[in-house]
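Architecture at a glance
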Amino acid sequence: MSLTPLSLFKCLSDETRLRIVLMLTGEQELCVCELIAALDDSQPKISRHLAMLRACGLLADRRQGQWIYYRLHPELPDWAPAILQQTSIADGERLGADTRRLAAMLARPQRQAMCS
């Protein structure tokens, strides 16, 4: 993977993309419907930003039945998750509101454990 600090920050320069990545940093894996609930945003907007994050190499996905689950790419350079963890801590108030909305979501999809 050829992610550089510059490309990471360019990918995260949009607030929605940053919030998606920070949610995935804490939650490990989420589907589009969970991100819609957590970020209180529309499906087309969330899907568009997920596609951009996948194109940047920040996210990987997997299909389980009708659901597609997103997670941080497992081959990110070691420094990238460290930056994301620190950013999560620094942006805790907003991230906390997103996490509370996710926790309040009814009928969250049931996921099976990922096979590595």
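The sections below set out a description of the structure shown in this document. Everything numeric here is computed off the predicted structure, so don't read it as measured data.

The next point concerns the environment of cysteine 56. The topology assignment puts cysteine 56 in helix H4 (residues 43–56). According to the relative accessible area criterion, cysteine 56 is partly exposed, its value standing at 29%. Along the primary structure cysteine 56 and isoleucine 36 are separated by 20 residues, whereas in three dimensions their C-alpha atoms are 21 Å apart. Sequence-distant contacts of cysteine 56, that is, excluding residues within four places in its chain, are made with Leu3 and Cys11.

Following the criterion strictly, the structure yields eight salt bridges and no others. A salt bridge links glutamate 29 to arginine 62; the shortest N-O distance between them is 2.7 Å. Taken together, the residues span a long stretch of sequence, with glutamate 29 in the loop between helix H2 (15–27) and strand E1 (30–31) and arginine 62 in strand E2 (residues 59–64) at a distance of 33 residues. Accessibility assignment for this pair places glutamate 29 and arginine 62 in one class, buried. Connected via shared salt-bridge partners are Glu15, Asp91 and Arg94.

Looking now at unusual backbone geometry. The phi angle at glutamine 28 is positive, at roughly 75°, despite the residue not being glycine. Tracing the backbone shows glutamine 28 in the loop between H2 and E1. By relative accessible area, which is 54% here, glutamine 28 ends up exposed. Phi angles above zero are rare outside glycine, and alanine 107 is one such case at about 55°. If you trace the backbone, alanine 107 turns up in the segment after helix H6 (92–104).

What counts and what doesn't
- Residues numbered from 1 in each chain as written.
- Predicted model: local features only at pLDDT ≥ 70, side-chain atom pairs only at ≥ 80, totals over all residues.
- Heavy atoms only, no water.
- Helix = DSSP H or I, 4+ residues; strand = E, 2+ residues; numbered from the N terminus.
- Buried < 20%, exposed > 50% of the residue type's maximum accessible area, 1.4 Å probe, protein only.
- Contact = heavy atoms within 4.5 Å.
- Salt bridge = Lys/Arg side-chain N within 4 Å of Asp/Glu carboxyl O.

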